[in-house]
Amino acid sequence: LLSRIGWLVGHELAHVADFSAYALPSVYEPLLSAYPSSTWSEAIADVIAAHAIVATGEVDAETLLAHVCQLWCARTSSSYSPGATDSHPAPNARCDLLQQTLLT
């Protein structure tokens, strides 16, 4: 529950703080370098939620990622392609980007 529902709640709560609106891009750009810049508001919410859940000590990073990846696993058509200005990472890429960021 913590690594699924807890992560979703943490993600939405992180939007309240929306650090991307207050910090200079140079501050969070290194952390979010794997993400397209148009998705940084979503990305920072993903990362904050993930770090918060792992910091509880109740769930390790690999377990959290397995659960988040199951949440975002999506069947998309072969013609699907994320747009350059999309505000959300592509469903299947969202997990890969979070994993790359969380484990580095």
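What you see is a predicted model; the values in this text were computed from it and never measured.

*Asks:* Would you mind going over the packing of helix H1 (residues 2-17) against helix H4 (residues 61-72) in detail, with residue names and values included?
*Replies:* Packing of H1 against H4 leaves a shortest axis separation of 9 Å and a crossing angle of 70°. Taken together, the axis directions place H1 and H4 in an arrangement best described as roughly perpendicular. Handedness of the H1/H4 crossing: right-handed. Note on element contacts: H4 touches H1 through Leu64, His67, Val68, Gln70, Leu71 and Trp72, opposite Ser3, Arg4, Trp7 and Leu8. Looking at the contact of H1 with H4 residue by residue, the classes come out as six nonpolar, three polar and one charged.

*Asks:* If you had to explain the packing of H4 against helix H5 (residues 91-102) to someone new, which residues and values would you point to?
*Replies:* Running from amino to carboxyl end, H4 crosses H5 at an angle of 165°, the nearest separation of the two axes being 8 Å. Judged by the angle between their axes, H4 and H5 are roughly antiparallel. When the axes of H4 and H5 are compared, the crossing they make is right-handed. On the side of H4, the interface is formed by Ala61, Leu64, Leu65, Val68, Cys69 and Trp72, while H5 contributes Pro91, Asn92, Arg94, Cys95, Leu98, Gln99 and Leu102. Looking at the contact of H4 with H5 residue by residue, the classes come out as ten nonpolar, two polar and one charged.

*Asks:* Residues and numbers for helix H3 (residues 40-55), please.
*Replies:* If you check H3, its first and last C-alpha atoms are 22 Å apart, about what 16 residues at 1.5 Å a residue would give, namely 22 Å. Residues Trp40, Glu42, Ala43, Ile44, Ala45, Asp46, Val47, Ala49, Ala50 and Ile53 constitute the buried set of H3. The secondary structure elements touched by the buried residues of H3 are H1, helix H2 (25-28), H4 and H5. Downstream of H3 by a residue or two, Gly57 has a phi angle that is positive, lying close to 80°.

Calculation rules
- Residues numbered from 1 in each chain as written.
- Predicted model: local features only at pLDDT ≥ 70, side-chain atom pairs only at ≥ 80, totals over all residues.
- Heavy atoms only, no water.
- Axes fitted to C-alpha atoms, helices over the stretch in contact; angles between N-to-C directions.
- Helix = DSSP H or I, 4+ residues; strand = E, 2+ residues; numbered from the N terminus.
- Parallel < 35°, antiparallel > 145°, perpendicular 65-115°, else oblique.
- Left-handed = near helix turned anticlockwise from the far one by under 90°.
- Contact = heavy atoms within 4.5 Å.
- Nonpolar A, V, L, I, M, F, W, Y, C, P; charged D, E, K, R; others polar.
- Expected span 1.5 Å × (residues − 1).
- Buried < 20%, exposed > 50% of the residue type's maximum accessible area, 1.4 Å probe, protein only.

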